[in-house]
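The primary structure of each chain is shown beneath.
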Amino acid sequence: IEQRHEENSDMDERVRAAQKAGVRTFSIAYEDYSEHPERIREVEAFLLEDAACEVPSSQIPTEIQSYKLHSGSLDQLIENWDEVRQTLGGTKWSHLLES
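No experiment lies behind these values; they were computed from the predicted model shown.

1. With respect to the overall build of the chain
So, step 1. Within the chain one finds 5 helices and 0 strands.
So, step 2. Considering the chain as a whole, with its 99 residues, one finds that 8% of them fall into the buried category.
So, step 3. Split by element, the accessible area of the chain, about 8,400 Å² in all, is 50% carbon and sulfur.

Set out below in structure tokens:
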């Protein structure tokens, strides 16, 4: 978890540096999108601004599609599984522990 906080801090610094350099940025967390899938329209508007895309937004799906990339159980794939299970247990994400 500490490593994730460090990575997020590093990303925040990179975003600020890009903004300072005049680069357009857009940030959205997975949780924001999963709880409000309509926010995909904001992402779409950001990506397509000044683009010559002719696909109407009504043809771009907003539903979340996910699929498993690896075979095997999570406890076999995740080195710090006990820490993950303890951290997510009892949260709105606890159902993911069964995946």
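2. Considerations on the packing of aromatic side chains
So, step 1. The final tally for this structure, using the stated rule, is 1 aromatic pair.
So, step 2. A cation over an aromatic ring shows up here: R24 above the ring of F46, its NZ or CZ 4.2 Å from the ring centre.

3. Things to note about the pattern of salt bridges
So, step 1. A complete count under the given rule lists 7 salt bridges for this structure.
So, step 2. Here E35 and K92 are joined by a salt bridge, their closest N and O atoms 2.3 Å apart. With E35 in helix α2 (residues 30-35) and K92 in the segment after α5 (81-88), the pair connects residues that are 57 residues apart, well separated along the chain.
So, step 3. Residue class for K92 comes out exposed when judged on its relative accessible area of 52%.
So, step 4. With a shortest N-O distance of 2.9 Å, R41 and E44 are connected by a salt bridge.

4. Details of the confidence of the model for the chain
So, step 1. Averaged over the chain, the pLDDT score is 83; the fraction of residues at 70 or greater is 89%.
So, step 2. For the chain, the element scoring lowest by mean pLDDT is α2, at 82; α5 scores highest, at 92.

5. A closer look at the side chain of E44
So, step 1. Summarising the element assignment, E44 is placed in helix α3 (residues 40-48).
So, step 2. The class of E44 is buried, set by a relative accessible area of 15%.
So, step 3. At a separation of 2.9 Å, a polar atom in the side chain of E44 contacts the side chain of R41.

Rules behind the numbers
- Residues numbered from 1 in each chain as written.
- Predicted model: local features only at pLDDT ≥ 70, side-chain atom pairs only at ≥ 80, totals over all residues.
- Heavy atoms only, no water.
- Helix = DSSP H or I, 4+ residues; strand = E, 2+ residues; numbered from the N terminus.
- Buried < 20%, exposed > 50% of the residue type's maximum accessible area, 1.4 Å probe, protein only.
- Areas by Shrake-Rupley, 256 points an atom, 1.4 Å probe, with all protein chains shown as cover.
- Phe/Tyr/Trp six-rings, centres within 6.5 Å; stacked < 30°, edge-to-face > 60°.
- Lys NZ or Arg CZ within 6 Å of the ring centre and 35° of its normal.
- Salt bridge = Lys/Arg side-chain N within 4 Å of Asp/Glu carboxyl O.
- pLDDT = per-residue confidence, 0-100.
- Polar contact = N/O pair within 3.5 Å; in protein donor to acceptor, adjacent residues only side chain to side chain.

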